[in-house]
Amino acid sequence: QMSRIPSVFVPRNCSIPLLARKKACDVLSRFSKIRLIGASLTRHIVLGLDIILSDDWVSGGNRQKECRCDGQFSESKKC
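The rules behind the values
Residues numbered from 1 in each chain as written. Predicted model: local features only at pLDDT ≥ 70, side-chain atom pairs only at ≥ 80, totals over all residues. Heavy atoms only, no water. Helix = DSSP H or I, 4+ residues; strand = E, 2+ residues; numbered from the N terminus. Buried < 20%, exposed > 50% of the residue type's maximum accessible area, 1.4 Å probe, protein only. Expected span 1.5 Å × (residues − 1). Contact = heavy atoms within 4.5 Å. Patch = residues over 30% accessible without salt bridge, like charges linked within 9 Å, V, L, I, M, F, W, Y side chains within 5 Å. Areas by Shrake-Rupley, 256 points an atom, 1.4 Å probe, with all protein chains shown as cover. Salt bridge = Lys/Arg side-chain N within 4 Å of Asp/Glu carboxyl O.

Asker: Looking at this model, I keep getting lost on unusual backbone geometry. Mind explaining?
Answerer: Excluding glycine, most residues fall at negative phi; most peptide bonds, likewise, are trans. Not every positive phi belongs to a glycine, and Asp55 is a case in point at roughly 60 degrees. Take Asp55: it is sitting in the segment after α2 (40-54). Overall, the relative accessible area of 46% leaves Asp55 in the partly exposed class.

Right under this line is the structure:
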């Protein structure tokens, strides 16, 4: 399944499991509220949740054309 997701990032010596949308929704539905406070790391966590919950690994967290796939996590101002 990993090969269907376009990416230049290849983790070495570790396995990163994909979290399915339904599983993420099951976990998040256990809470009435979730508060994420922080800076860029928190932004990346929120972005990751957006990607998982939208089930769109290419542009789920960001709608900018220049910021797809790995670019969604770019620090560029246009992303």
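Still to come is the rest of the account.
Asker: Sorry, what's going on with α2 here?
Answerer: In an α-helix there are 3.6 residues to a turn, and that puts residues three or four apart on one side. Its 15 residues give α2 an end-to-end C-alpha distance of 21 Å, which sits within 8% of 21 Å, the value for a rise of 1.5 Å per residue. Buried residues along α2 sit in contact with α1 (21-28). Just downstream of α2 lies Asp55, where phi reads positive at about 60 degrees.

Asker: When you look at a nonpolar patch on the surface in this model, what are you seeing that I'm missing?
Answerer: There is a patch of nonpolar side chains on the surface, built from Val27, Phe31, Ile34, Leu36, Leu41, Ile45 and Val46 and spanning about 610 Å² of accessible area. Among the elements that line the nonpolar patch, the one with the most residues is α2, at 3 residues. With respect to the secondary-structure elements, Val46 resides in helix α2.

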